[in-house]
Amino acid sequence: MSAIEIDTSPRSAVLDDAHIGDIKGAFGTICQGDVAPRTGWGARVKTLLAILGPGLIVMVGDNDAGAFGTYTQAGQNYGTSLLWTLLLLVPVLYVNQEMVLRLGAVTGVGHARLIFARFGRFWGAFSVIDLFLLNALTIVTEFIGITLGLDYLGISREIGVVAAAVLVVLAAGTGDFRRFERFALFLCFGSLLLVPVFLVAHPPMGQLAADFVTPQLPADGKLADVMLLIIGIVGTTIAPWQLFFQQSYVIDKRITPRFMRYERADLWIGILLVMVGGVAMMAFAAATFGSQAEFGNFTDAGGVAAGLEKYVGKAPGVLFAIALIDASIIGAAAVSLSTAYAIGDVLSLKHSLHRKATDAKGFYAIYAGLIVLAAALVLTPGTPLGLLTNAVQSLAGVLLPSATVFLLLLCNDKAVLGPWVNGRWVNLFTGAVIAVLVTLSIILTASVVFPDIAGETIVTMLAAGIGLALVVALVGWAIRSSRGDAPVAIDRSGQATWRMPALDLLKPGRLTTQSKIWMSVLRFYLLGAGGLVLWRIVMLAVGGAG
């Protein structure tokens, strides 16, 4: 049965019939059509265990090789003075990913396909091209992380990288969704290997608690370098691929709006794990190197493992290296899946982990092709691995605002989400987040292109960005007030059973002139900024700039 023949009822827009049926989670099954009330704790726990997965995988997958490098760099170079950035990111993570899981459960259509359907091919092509290029580079960094862990453990990188690539491809290619999810969740819980490293390193708990809740900048750090690291923390914690992955994974798991609160609980558990990992890495790196010659001289995650062995013990170094490999493998799997899901959605390919490779050849070819390409690049002598790592970190920071803008627009589309559309406060919060992301993106671009930029200039840019955002918000409020536009109450009745109708039954999406102008400005900025950043990195790599 083809994607367009699956379901012609006005109640469903599901594009692949493999996305309809029982929820077969790693730890339980929920039969299709199960509407029994969950009245006792036992029934609720069983339901949560069956739903558990999308939030955990997307969050722990975000603590990937790039995160290992960024968090430990913050700890080794500046102690725990930047721990507060993680706390500030918690509400951003939740609001962003909660919007995505709503879109997945309510619409049954992937993120990229919704952008194409509601905003047209022009904007949809940009979103998918951005995702494909950035994801391809990100997967390379995951395999760089694997090589760093292998080198520390004394394992041949050729054998280890090939074995990791084969494992990642086979884990998704069995045609058994539950088998893949068990594999992914096993890796998720492997991230807890960082906890004993934290305990053995004995970081000062009082200092940790204070730095976690007290925003500050390192007293002896160069402001430009500190801001770049903060932007790196934001970019590695909130990445565009997460939006595409979680929405499609929720759909592939067959989760419906009825189980929204359980999926929100799953997301909170994932956020808790990602915070535990981030805090642990920043803290034990600070405790290990704080009084040593290596303090302020971060090299890479492999150097952190060597430092742990030198100053704390062999076991912590080994545990850190294994956790790095574990995180890189789950990151590679999740990022590759997000790309395969998105392209499968847009090209109307069969795209589900419930399907065997022979039944979804295009989907699995994209997934496996990205893994094989990344592994081959890492093993190819002369590949500029440092250049690729820098490019990923910089481009992720530059492209963040664009993905969040599309997410906000979709979550205010009543034809798409009906009673599940955003409320006023979610919109205000997300708008503020977009303003901050745009400002940070501009600072990142300026810092990369002009590496000697003065701290005073960065402070001025921050102030100007915040001021401009306030002016835009006030002007928008004044225009709405002059028109007499009052907030319209949202009818939330029937949420548990409401789903988006088939895409061809929806009224055409419409962007206002104001939205088109702002999106065009943002797009041209991102193209220019991304190009400048890449040019600067290439020039530095070949010695053409200094």
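All of these numbers come straight from a predicted model, not from anything done at the bench.

Definitions and cut-offs
- Residues numbered from 1 in each chain as written.
- Predicted model: local features only at pLDDT ≥ 70, side-chain atom pairs only at ≥ 80, totals over all residues.
- Heavy atoms only, no water.
- Core = buried A, V, L, I, M, F, W, Y, C linked by side-chain atoms within 4.5 Å.
- Buried < 20%, exposed > 50% of the residue type's maximum accessible area, 1.4 Å probe, protein only.
- Helix = DSSP H or I, 4+ residues; strand = E, 2+ residues; numbered from the N terminus.
- Contact = heavy atoms within 4.5 Å.
- 1 Å grid on protein atoms, 1.4 Å probe; cavity = no way out; pocket = protein on both sides within 12 Å on 5 of 7 lines; lining within 4 Å.
- Points joined across faces, edges and corners; volume = space filled by probe spheres on them.
- Expected span 1.5 Å × (residues − 1).
- Bend = angle between axes of the 7 residues up to and from the residue.
- Axes fitted to C-alpha atoms, helices over the stretch in contact; angles between N-to-C directions.
- Nonpolar A, V, L, I, M, F, W, Y, C, P; charged D, E, K, R; others polar.
- Phe/Tyr/Trp six-rings, centres within 6.5 Å; stacked < 30°, edge-to-face > 60°.
- Lys NZ or Arg CZ within 6 Å of the ring centre and 35° of its normal.

This next bit is on the nonpolar core. With 170 residues, the main nonpolar core has Leu-82, Phe-143, Phe-180, Phe-284, Phe-320 and Leu-353 as its most contacted residues. Among the elements that take part in this core, helix H15 (residues 314-346) stands out by supplying 17 residues, more than any other. The residues contacting Leu-353, other than those within four sequence positions of it, are Ala-172, Gly-175, Asp-176, Phe-177, Phe-180, Tyr-249, Asp-252, Leu-337, Tyr-341, Phe-363 and Tyr-364.

Here Val-459 lies in helix H20 (residues 455-483). The sequence separation of Val-459 and Met-227 amounts to 232 residues, and the corresponding C-alpha distance is 9.9 Å.

Our focus in this paragraph is empty space enclosed by the protein. Under the definition given, this model contains 8 cavities of 30 Å³ or more. Of the volumes computed, that of the largest cavity is approximately 110 Å³. Together, His-111, Ile-115, Ser-127, Asp-130, Leu-131, Pro-240, Phe-244, Leu-399, Ser-402, Ala-403 and Phe-406 line the largest cavity. The set of elements that each furnish at least two residues to the lining of the largest cavity consists of helix H5 (111-119), helix H6 (121-153), helix H12 (240-252) and helix H17 (385-410).

Quick look at the environment of Tyr-71 now. Tracing the sequence through the fold places Tyr-71 in helix H3 (residues 65-78). It is 31 Å that separates the C-alpha atoms of Tyr-71 and Phe-27, two residues lying 44 residues apart in sequence. What Tyr-71 contacts, discounting residues up to four positions off in sequence, is Asn-63, Leu-86, Ile-233, Thr-236, Thr-237, Gly-278, Met-281 and Met-282.

This part covers helix H4 (residues 84-107). Counted at 1.5 Å a residue, the expected span for H4 with its 24 residues is 34 Å, and the 36 Å between its end C-alpha atoms agrees. At Val-90, H4 shows its largest kink, close to 30°, and the proline Pro-91 lies no more than four residues downstream. Most of H4 is tucked away, with 21 of its 24 residues classed as buried. The positive-phi residue at the C-terminal boundary of H4 is Gly-108, with phi of around 75°.

This paragraph deals with the packing of H5 against H15. Between H5 and H15, whose axes approach to 7 Å, the crossing angle comes to 35°. Residues His-111, Ala-112, Arg-113 and Phe-116 of H5 form the contact with H15, whose participating residues are Ala-342, Asp-345 and Val-346. Here the residues of the contact of H5 with H15 are counted per class, giving 4 nonpolar, 1 polar and 2 charged.

Right, let's talk about the packing of aromatic side chains for a bit. Tallied over the full model, the rule gives 12 aromatic pairs. Geometrically, the ring pair formed by Phe-177 and Tyr-249 is tilted, given 5.1 Å between the ring centres and 35° between the ring planes. Of this pair, Phe-177 sits in helix H8 (residues 177-190) while Tyr-249 sits in helix H12, placing them 72 residues apart in sequence. Relative accessible area serves as the criterion here: at 0%, Tyr-249 is assigned to the buried category. Each member of the aromatic cluster is reached from another via a ring pair, and the members are Phe-177, Phe-180, Phe-183, Trp-241, Phe-245 and Tyr-249. The ring of Trp-41 carries Arg-44 above its face, with NZ or CZ at 5.6 Å from the centroid. Sitting over the ring of Trp-425, Arg-424 keeps its end group 6.0 Å from the ring centre.

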